[in-house]
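# Coordinates in review
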Amino acid sequence: MKIHWKVLLGVLLVLLVSTMAFSYERDETLVYGGGLWGAPANWNPLTPWAEVAGTGGLVYEYLFHYYPLKDEYQPWLAEKGEWVTPKVYELELRKGIKWTDGKSFTAEDVVFTFEVARNNALHYSNVWTWITSVEALSPTKVRVTFGDSPHYQEWKVILYDLRILPKHIWSEMSPDEYLTTANKNPVGTGPYMSESTGQDRMVWVRNDDWWGNDIFGQPKPKYLVNLVVNGNNVALGMLMKRELDLSNYFIPGVPKIKDAFGLTTWFKDAPYMLPENVALLFLNTTKGAMKDESFRRALAFAIDPDMIAERVFENQVKVANPAGLLGEGWMKYYDEEVANEYGFSYNPETAAKMLDENGFVDADGDGWRDDKAGNAMKFEIIVPNGWTDWMESIKIIANNFKAIGINAVPSFPDYSIYMDKIQDGTFDMCINNFGSSRSTTPFTYWNWVANDEIDGEIVTDGNYSRYNDAELFTLIDEFNVMQDSNNGIMEKTSEIQAKLLQAMPSIPLWYNGLWAQMTSGVWTNWTTENNPTGYPCSWAGKMQFGFVETLIKLEPAQ
Amino acid sequence: MKKYLGKKIFIYLITFFFAVTIDWAIPRFMPGDPIQILLSRFQGMEGGREIIEAQITASFGLDRPLLEQYFNFWGSLFKGDLGISIYTFPKPVMEVINEAIIFDILLLVPSILLSWIVGNKLGAFSGVNKKADKYTMPFFYFLTSSPYFWFAVVVVFFFGVQLPWFPINSAYSSTMRPGFNLAFILDFLHHWFLPFLTLFLVQLGGWAIGMRNMIIYEMGSNYSKYMESLGASEKLIRKYAFRNGVLPQVTGLAIRLGNIIAGALTTQIVFSYPGLGYILLKAILNQDYFLVQGTFLFIVIFVLLANFLVDIIYMFIDPRVRFSYSGEV
């Protein structure tokens, strides 16, 4: 018996040694993190909130890419798109594009992608309230016909945000599966394909037959390894060891160590990172003194965002302008005059004066201001527990409020409770930025901070302030149905900015960054301010801003 | 014997029923709504969310009355179906657990068993050797009282970053694809070593201190003195002291093994190591009812099994238990 065991052990050992290990060549592989938060499980382009980062952008592609830094559209699956009449938009698609299963990509696929939302309840089904038909005029020509008031602004988003599906696969599926399929082997037109998955990683392999190779060039990394990194300290250590080529995590301390360890950031100096969205302080306008416009405006003057940017973010963020607008797509509507007239800046004396004038004084002499009726006021500012940068920020804000006699306490409930309080309206003040990501049109931002979806039991679509102003909502809707070339558009957008500033239901504070730290141990020629080859963002749903372009321009180190 | 086992099994079944019911209920009584959390960061088109919210809620059966959800839960449980995870939608909970648990087992079982064996030996040695005791005890106290998080971060910093001997994240290299071959196994062990070592060391101190104190107590007890007066050898007395001293240690070991599922949470954060502990934390934060109840179900089963095992082992290592049921005492 003993001999048998030895033989078995020997065979096992020989087997072990002779079995070839499969590993990706490091100099052909890009290792990155920041857009994946758990074991990959979902590659369904119809559920963008759940998809593995890269499902949109690397596998499923868009009609256009949008370059936020230039406010330009880059034709992608579409070669051209234009309004032929104010109610008809025509798309000319590129020829010779193939799905990764070998079938040709045609106008029928684009038509199907729209039609599937007409007959089923999907997140973009609402387009059919203002689109009347989408038809294929030829294998490469699509005509979209609009109803009486086309949502021109939203359409601009759809052009770069709608993942185009292969009709020959999705039309075979049962409609019940549209929201529930994991779509494990996604078939797209994009430059990468799913290679393998692990508990803490998603590996993509290059699609060498990608149609874009001849037009844009081939992405350099053969493999993309997207890692889940649990915790900033690990990500920081990996950057120091150059094991992570690109990190899209917010990491405290980057400004201090960046030169010593040769990290690349978009800007060489502060603020290092590109602005990505605006963090706002939402004030619950259905509660107490916060119902009062002058009170809300006074609070805006009391906050010192410079101190937050400096102390909490080590100047990795910039302070927001009063309108909260960022990026070329929005800033072209930014009205400086309105901002000067109705805007705000840190000035506790002004804040105190405004409160005094409006009757918010310390009536009972306890050191805290009381409301107009003389009742004590106390507010709670909430951010999710563990979001350390925001936690520190609201401590500063609470101190700023204290300086003018407003009693506000920072509080850090767990994320689910934070969301619950915001949605059911039991919160007083909160920081949030979930709908303020940069886009092609400020409509996405305005429609998020102010919309009329506030009558339900819970509020989920933004406007957490529950600020109710039908006139403002109408203005925003009117902006949505205006073309950029419309003469009245500047006036309209100025009016929106003025109204928001006068009412101040939410206070824009700082621009949260597109956190990106790059190392050059394996890959160089990263996209930066001085070499803007793309947009260094691997976050889900944002790759069409220039991530693939970044990969194309990378160069191997040495 | 039969009577003993029968009684135990009955108690375990009742415990299981209540534990599972509580496991089902607690996530549902947390404030908040998992579907809202799932969609909370999704910024879609105007009015897009309302369209999908109801559909998703219904697909999880969360629109049904609570009692119906509860009975459905027991129904599918007997079919081995733990539902679909909301947070890692649409992966079945069973699959999530299956894929992750291997990392917990490979990390925790060796570290717990080895620290237990080595800790008991060292503790017993300290208990009878006053000279060694002076030097080992401070070391054991240092190990057992150093906060694990701090301890692990220091180890990572020195042996992972300053002296880059070991990798600092994950269970295998970024460029490795798992497979049954020597290169992968070596790579896995290379990644496994630091998390294992830190877990081994922090647990070692506790076991050693426990054993040392037990030995000193047993050596001073009446039966030891009686044996001594009868002229029994020092070695024999020590042997009996050890056999008695190890009893509470066995209970401790079983409890530790029962908690294996969520036991390595901190390790998984500091070393960014995959495993179920971190998934459970994420599931709780995201109110993933199904993943939370599925993971806790496993914890319940593990703890009950471990305790059951102790009950059986006790029959062999502690004759008093055996005799009390067979009526010999």
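Predicted, not measured: the structure shown is a model, and the values here were computed from it. (Residues numbered from 1 in each chain as written. Chains lettered and ligands numbered in written order. Predicted model: local features only at pLDDT ≥ 70, side-chain atom pairs only at ≥ 80, totals over all residues.)

### Points about the overall build of chain B
Looking only at helices and strands, one finds 14 helices and zero strands in chain B. Traced from its N-terminal end to its C-terminal end, chain B shows the element sequence α-α-α-α-α-α-α-α-α-α-α-α-α-α. Projected onto the principal axes, the alpha-carbon positions of chain B cover approximately 90 × 60 × 40 Å. A burial count over chain B gives 39% of its 329 residues as buried. Taking the contacts inside chain B whose residues are at least 6 apart along the sequence as the reference set, 74% of them involve residues at least 24 apart. (Helix = DSSP H or I, 4+ residues; strand = E, 2+ residues; numbered from the N terminus. Buried ≥ 20, exposed ≤ 12 C-beta atoms within 10 Å, placed from the backbone. Contact = placed C-beta atoms within 7 Å.)

### Quick notes on the overall build of chain A
Of the regular secondary structure elements, chain A holds 17 helices and 20 strands. Relative to a compact globule of 558 residues, whose C-alpha radius of gyration would be 24 Å, chain A shows 26 Å and is just as compact. For chain A, the spread of C-alpha atoms along the three principal axes comes to 90 × 70 × 50 Å. Within chain A, the fraction of its 558 residues that count as buried is 52%. A separation threshold of at least 6 residues defines the contact pool for chain A, and within that pool the share at least 24 residues apart is 68%. (Rg over C-alpha atoms; globule rule 2.2 N^0.38 Å.)

### Focus: the interface of chain B and chain A
Listed as interface residues are 59 residues of chain B and, on the opposing side, 58 residues of chain A. Elements supplying a minimum of two residues to the side of chain B that touches chain A: α2 (34-39), α3 (48-59), α5 (93-128), α7 (148-162), α8 (182-219), α11 (265-270) and α12 (276-285) of chain B. Residue contributions to the side of chain B that touches chain A peak at seven residues, all from α3 of chain B. The class makeup of the residues in the side of chain B that touches chain A is 30 nonpolar, 21 polar and eight charged. (Nonpolar A, V, L, I, M, F, W, Y, C, P; charged D, E, K, R; others polar.)

### Observations concerning the nonpolar core
Among the nonpolar cores identified, the biggest contains 236 residues, and Leu63, Leu281, Ile381, Met429, Cys430 and Leu509 of chain A are the most heavily contacted of them. Top element by residues in this core is α8 of chain B. It accounts for 13 residues. (Core = buried A, V, L, I, M, F, W, Y, C linked by C-beta atoms within 7 Å.)

### Things to note about the sheet that holds strand β4 (residues 78-85) of chain A
Residue and element names in this part refer to chain A. Pairing in this open sheet of four strands is antiparallel, and the strands run β4-β5-β7-β6 from one edge to the other. The open sheet has two edge strands, β4 and β6 (131-138), and neither has a second partner. The sheet shows a mean angle of 20 degrees between the axes of neighbouring strands, direction not considered. By the bridge criterion, six bridges tie β6 to strand β7 (residues 141-146) in an arrangement that is antiparallel. Within β7, the residue paired with Ala136 across the bridge is Val142. In this fold helix α2 (residues 107-119) packs onto β5 (88-93), β6 and β7, with an angle of close to 165 degrees to the strand it touches most, β6. (Pairing = 2+ DSSP bridges. Axes fitted to C-alpha atoms, helices over the stretch in contact; angles between N-to-C directions.)

### Regarding the pairing of β7 of chain A
All names here are of chain A. Burial of β7 is one-sided: the residues Val142, Val144 and Phe146 facing one way are buried, the residues Lys141, Arg143 and Thr145 facing the other way are not. Sheet topology note: the β5/β7 ladder contains five bridges and is antiparallel. Across the sheet, residue Val88 finds its bridge partner in β7, namely Thr145. Counted between consecutive antiparallel strands, the loop separating β6 from β7 contains two residues.

### Describing the environment of Tyr464 of chain A
Residue and element names in this part refer to chain A. Inspection of the secondary structure puts Tyr464 in the loop between α14 (443-449) and α15 (470-480). As for Tyr464 and Thr441, which are separated by 23 residues in sequence, their C-alpha atoms are 21 Å apart. Those residues in contact with Tyr464 that sit more than four places away from it in its chain are Phe282, Ile422, Cys430, Asn432 and Val459.

### Quick look at the sheet that holds strand β16 (residues 429-432) of chain A
Residue and element names in this part refer to chain A. Spatially, six strands are ordered β13-β17-β12-β16-β14-β15 in an open sheet, and the strand pairing comes out mixed. What marks the edges here is a single partner per strand, and that holds for β13 (318-319) and β15 (408-411). Note that β13 and strand β17 (residues 506-514) share two bridges and pair antiparallel. Each bridged residue has a counterpart across the sheet, and for Lys318 the counterpart in β17 is Tyr511. With respect to the sheet, helix α12 (residues 388-403) is in contact with β12 (274-283), β14 (379-382), β15 and β16, its orientation differing from that of β15 by roughly 175 degrees.

### Some points on the environment of Ser125 of chain A
Among the secondary structure elements, Ser125 of chain A is positioned in the loop between α2 and β6. Between the C-alpha atoms of Ser125 of chain A and Asp209 of chain A, which are 84 residues apart in sequence, the distance is 33 Å. Setting aside its immediate chain neighbours within four residues, Ser125 of chain A contacts Ala117 of chain A together with Ile51 of chain B.

### Here's the deal with helix α13 (residues 289-317) of chain B
Residue and element names in this part refer to chain B. Over its 29 residues, α13 extends 41 Å from the first C-alpha to the last, a length consistent with the 42 Å expected when each residue adds 1.5 Å. Every buried residue belonging to α13 is among Tyr289, Phe290, Leu291, Val292, Gln293, Gly294, Thr295, Phe296, Leu297, Ile299, Val300 and Val310, and all of these are buried. The secondary structure elements touched by the buried residues of α13 are α1 (2-29), α2, α5, α10 (234-258) and α12. (Expected span 1.5 Å × (residues − 1).)

### Focus: the environment of Ser138 of chain A
All names here are of chain A. Here Ser138 shows up in strand β6. Overall, Ser138 belongs to the exposed group, with 11 C-beta atoms counted inside 10 Å. With 45 residues separating them in the primary sequence, Ser138 and Leu93 have C-alpha atoms 9.8 Å apart.

### Quick notes on the packing of α1 of chain B against α13 of chain B
All names here are of chain B. It is at 9 Å that the axes of α1 and α13 come closest, and there the two elements cross at 160 degrees. Classified by the interaxial angle, the pair formed by α1 and α13 is roughly antiparallel. Judged by the sense of rotation from one axis to the other, the crossing of α1 with α13 is right-handed. Of α13, the residues touching α1 (which contributes Lys8, Tyr12, Thr15, Phe16, Ala19, Val20, Asp23, Trp24, Pro27 and Arg28) are Tyr289, Val292, Gln293, Phe296, Leu297, Val300, Leu304, Phe308 and Asp311. When grouped by side-chain class, the residues that make up the contact of α1 with α13 number 13 nonpolar, two polar and four charged. (Parallel < 35°, antiparallel > 145°, perpendicular 65-115°, else oblique. Left-handed = near helix turned anticlockwise from the far one by under 90°.)

### Quick word on α3 of chain B
An α-helix turns once per 3.6 residues; consequently, residues spaced three or four apart project the same way. All names here are of chain B. With 12 residues, α3 extends 17 Å between its outermost C-alpha atoms, agreeing within 8% with the 16 Å of an ideal straight helix rising 1.5 Å per residue. Those residues of α3 that fall on the buried side of the exposure criterion are Gly48, Arg49, Ile52 and Ile56. Viewed along the axis of α3, the buried residues span an arc of 80 degrees, placing them on a single side of the element. Exposed residues pointing more than 90 degrees away from the buried face of α3 are listed as Ala54 and Ala58. (Arc of directions from axis to C-beta.)

### Section: the pairing of β14 of chain A
Residues and elements named next belong to chain A. Sheet analysis places β14 next to β15, joined by four bridges and oriented parallel. Looking at the pairing, Phe379 lines up with Ala408 of β15. In the classification by handedness, the crossover that spans β14, the intervening α12 and the parallel β15 is right-handed. Bridge count for β14 against β16 is two bridges, and the pairing is parallel. The partner of Ile381 across the bridge, within β16, is Met429. (Right-handed = clockwise from strand over helix to strand, strands pointing away.)

### Side note on the confidence of the model for chain B
Taken as a whole, chain B shows an average pLDDT of 89; of its residues, 98% reach a score of 70 or greater. Interface confidence for the predicted complex, given as ipTM, is 0.90, next to a pTM of 0.92. (pLDDT = per-residue confidence, 0-100.)

### Let's talk about the packing of α8 of chain B against α10 of chain B
Residue and element names in this part refer to chain B. At a minimum axis distance of 8 Å, the contact between α8 and α10 shows a crossing angle of 145 degrees. For the pair α8 and α10, the crossing hand works out as right-handed. Between α8 and α10, the contacting residues are Trp207, Gly210, Met211, Met214, Ile215, Glu218 and Met219 on the first element and Ala241, Phe242, Asn244, Gly245, Pro248, Gln249 and Gly252 on the second. Here the contact of α8 with α10 is composed, by residue class, of eight nonpolar, five polar and one charged.

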